[in-house]
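Listed below, chain by chain, are the residues.
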Amino acid sequence: MVPANLLLGRKTFDIFAHYWPEHEKECLGINDVTKYVMSKTMKKSDWKKLFENGTIPAAFILIENIVTSTRVIIANYRRAGKVEACIIGA
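Rules used in this analysis
Residues numbered from 1 in each chain as written. Predicted model: local features only at pLDDT ≥ 70, side-chain atom pairs only at ≥ 80, totals over all residues. Heavy atoms only, no water. Helix = DSSP H or I, 4+ residues; strand = E, 2+ residues; numbered from the N terminus. Contact = heavy atoms within 4.5 Å. Areas by Shrake-Rupley, 256 points an atom, 1.4 Å probe, with all protein chains shown as cover. Buried < 20%, exposed > 50% of the residue type's maximum accessible area, 1.4 Å probe, protein only. Pairing = 2+ DSSP bridges. Right-handed = clockwise from strand over helix to strand, strands pointing away. Salt bridge = Lys/Arg side-chain N within 4 Å of Asp/Glu carboxyl O.

**With respect to the overall build of the chain**
Counting secondary structure elements, the chain contains one helix and four strands. Mapped in sequence order, the helices and strands of the chain form the string β-α-β-β-β. At a minimum sequence separation of 6, the contacts of the chain that also span at least 24 residues come to 42%. For the chain, the accessible area works out to roughly 8200 Å², and carbon and sulfur atoms hold 57% of it.

Shown next, in the form of structure tokens:
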């Protein structure tokens, strides 16, 4: 399996978290893929946090993307080095 990370919306994450732990035979390695969820309301998950303590910010460049017929966005990014900071309103 190709190493991958999934960035999921809250509803999709809930579906994944409920279904995939018991059905890995249908998609080998799905439970080993790093999964991230963007949510203001989720208090706890047994899968992953996006920013753990000590995470170093990094910039990324979009290499390719696909929007499926059901409006799922599949995007591939490459690290682009350090984040460039600026002062707004100076």
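**A look at the pairing of strand β2 (residues 34-38)**
In terms of burial, β2 is largely enclosed, as four of its five residues are buried. In this structure, strand β1 (residues 5-9) lies alongside β2, joined through five bridges in parallel fashion. Residue L8 lies in a different strand from β2, and its bridge partner there is V37. Once you follow β1 into helix α1 (residues 10-19) and on to β2, the crossover reads as right-handed.

**Details of the pattern of salt bridges**
Side chains that differ in charge, positive against negative, can pair when their charged atoms come close. Taken as a whole, this structure holds one salt bridge when the rule is applied. For the salt bridge of D14 with R10, the shortest nitrogen-to-oxygen distance reads 3.2 Å. Of this pair, D14 and R10 both sit in helix α1, four residues apart, roughly one helical turn.

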